[in-house]
Amino acid sequence: DTQMTQSPSSLSASVGDRVTITCRTSQGIRNDLAWYQQKPGKVPKLLIYSASTLQSGVPSRFSGSGSGTDFTLSISSLQPEDVATYYCQKYNSLPWTFGQGTKVEIK
Amino acid sequence: QVHLVESGGGVVQPGRSLTLSCAVSGINFSGFGFHWVRQAPGKGPESLASISNDGKVDSYADSVKGRFTISRDNSNNTLYLQMNSLRPEDTAIYYCARPTSFQIVPFGYWGQGTLVTVSS
């Protein structure tokens, strides 16, 4: 199975900062990668699919990039409501594995 | 209104069995493959099993292969997960999930989850 390595596992940044999260896969997955946001007690919410396409209704401060094995989720200007854990997920083949998560907090 | 409602969770002893159900309404059930995903306390989601729209093809994570069986009843819009030989490490919230659309493959629909606790 393809292994997912997400980093960092946690980060703390100030409101307005640019935040970047990385996801690396052990095998190439083209651009079949999604990013989810999960807040405590809630199910994951889809933010980005096809590595860089913003899901409808998601603020434009979120963006994704990458292809093959290396992917990035960026938040251009961190807001208090962005406090959450973020997961990448590959879906090029079953099983649709998730990364270990990155917990984002406000400094 | 969209509803994915899981049921069947509870406390079970190691080695025993449990069957989860996911009743789906308000969205296309028979046209889509469905998935079971679990999340252990403080951990990330783990995609466990998937089944094709017609029920003919299924797939499992290594962690549950040979112990769990996914199935579906398209006449009743219900998804199932039969869990055998349960272990303490199977303790988690179990969710059913569906792709967002035919064009957007990642999960856009989730149930509220049902808690499974494996403990003696």
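Residues numbered from 1 in each chain as written. Chains lettered and ligands numbered in written order. Predicted model: local features only at pLDDT ≥ 70, side-chain atom pairs only at ≥ 80, totals over all residues. Heavy atoms only, no water.

### A few points about unusual backbone geometry
Residue and element names in this part refer to chain A.
Then comes step 1: In the segment running from Ser 7 into Pro 8, the intervening peptide bond is cis, with an omega of -5°.
Then comes step 2: Tracing the chain through its elements places Pro 8 in the loop between β1 (4–7) and β2 (10–13).
Then comes step 3: The linkage connecting Leu 94 with the following residue, Pro 95, adopts the cis geometry, with an omega of -5°.
Then comes step 4: For Pro 95, the position within the fold is in the loop between β9 (84–90) and β10 (102–106).
Then comes step 5: Notably, Ala 51 is not glycine yet its phi reads approximately 70°, a positive angle.
Then comes step 6: For Ala 51, the position within the fold is in the loop between β5 (45–49) and β6 (53–54).
Then comes step 7: On the basis of relative accessibility, which here comes to 1%, the residue Ala 51 falls in the buried class. (Helix = DSSP H or I, 4+ residues; strand = E, 2+ residues; numbered from the N terminus. Buried < 20%, exposed > 50% of the residue type's maximum accessible area, 1.4 Å probe, protein only.)

### Considerations on the nonpolar core
Then comes step 1: Formed by 27 residues in total, the largest nonpolar core has its most connected members in Leu 79, Leu 81, Met 83 and Tyr 94 of chain B.
Then comes step 2: Mapped onto this core, the elements with two or more residues apiece are β3 (18–25), β4 (34–39), β5 (45–51), β7 (68–73), β8 (78–83), β9 (92–99) and β11 (114–118) of chain B.
Then comes step 3: The element that contributes the greatest number of residues to this core is β3 of chain B, accounting for four residues.
Then comes step 4: Ignoring any residue separated from it by four or fewer positions in sequence, one finds Leu 81 of chain B in contact with Leu 18, Thr 19, Leu 20, Trp 36, Leu 48, Ala 49, Phe 68, Thr 69, Ile 70 and Tyr 94 of chain B.
Then comes step 5: Membership of the second largest hydrophobic core comes to 22 residues, among which are Ala 13, Ile 21, Val 58 and Leu 73 of chain A. (Core = buried A, V, L, I, M, F, W, Y, C linked by side-chain atoms within 4.5 Å. Contact = heavy atoms within 4.5 Å.)

### Some words on the side chain of Thr 100 of chain B
Then comes step 1: Inspection of the secondary structure puts Thr 100 of chain B in the loop between β9 and β10 (107–110).
Then comes step 2: Under the relative-accessibility criterion, Thr 100 of chain B is labelled buried at 14%.
Then comes step 3: Within the local environment of Thr 100 of chain B, its side chain forms a polar contact with the backbone nitrogen of Gly 108 of chain B, the two atoms lying 3.1 Å apart.
Then comes step 4: Excluding its chain neighbours within four sequence positions, the residues that come into contact with Thr 100 of chain B are Leu 46 and Gln 55 of chain A together with Val 105, Pro 106, Phe 107, Gly 108 and Tyr 109 of chain B. (Polar contact = N/O pair within 3.5 Å; in protein donor to acceptor, adjacent residues only side chain to side chain.)

### Concerning the environment of Cys 96 of chain B
Residues and elements named next belong to chain B.
Then comes step 1: Looking at the element boundaries, Cys 96 is found in strand β9.
Then comes step 2: Cys 96 sits in the buried class, given a relative accessible area of 0%.
Then comes step 3: Considered as a pair, Cys 96 and Arg 38 are 58 residues apart in the sequence and their alpha carbons are 8.6 Å apart.
Then comes step 4: Once residues lying within four places of it in the same chain are set aside, the contact partners of Cys 96 are Leu 4, Glu 6, Cys 22, His 35, Trp 36, Leu 79, Tyr 109, Trp 110 and Gly 111.

### Examining the environment of Arg 16 of chain B
Residue and element names in this part refer to chain B.
Then comes step 1: On the secondary structure map, Arg 16 appears in the loop between β2 (10–12) and β3.
Then comes step 2: A sequence separation of 102 residues divides Arg 16 from Val 118, and the C-alpha atoms of the two residues are 8.8 Å apart.
Then comes step 3: Setting aside chain neighbours within four positions, we find Arg 16 in contact with Met 83, Asn 84, Ser 85 and Leu 86.

### Overview of the sheet that holds β3 of chain B
Residues and elements named next belong to chain B.
Then comes step 1: The antiparallel open sheet is built from four strands, whose spatial order is β1-β3-β8-β7. Lying at the two open borders of the sheet, with one neighbouring strand each, are β1 (3–7) and β7. Pairs of neighbouring strands in the sheet enclose a mean axial angle of 15°, with direction left out of account.
Then comes step 2: Strand direction decides the pairing type here: β7 and β8, joined by six bridges, are antiparallel. Bridge assignment links Ser 71 to a residue of β8, and that residue is Tyr 80. (Pairing = 2+ DSSP bridges. Axes fitted to C-alpha atoms, helices over the stretch in contact; angles between N-to-C directions.)

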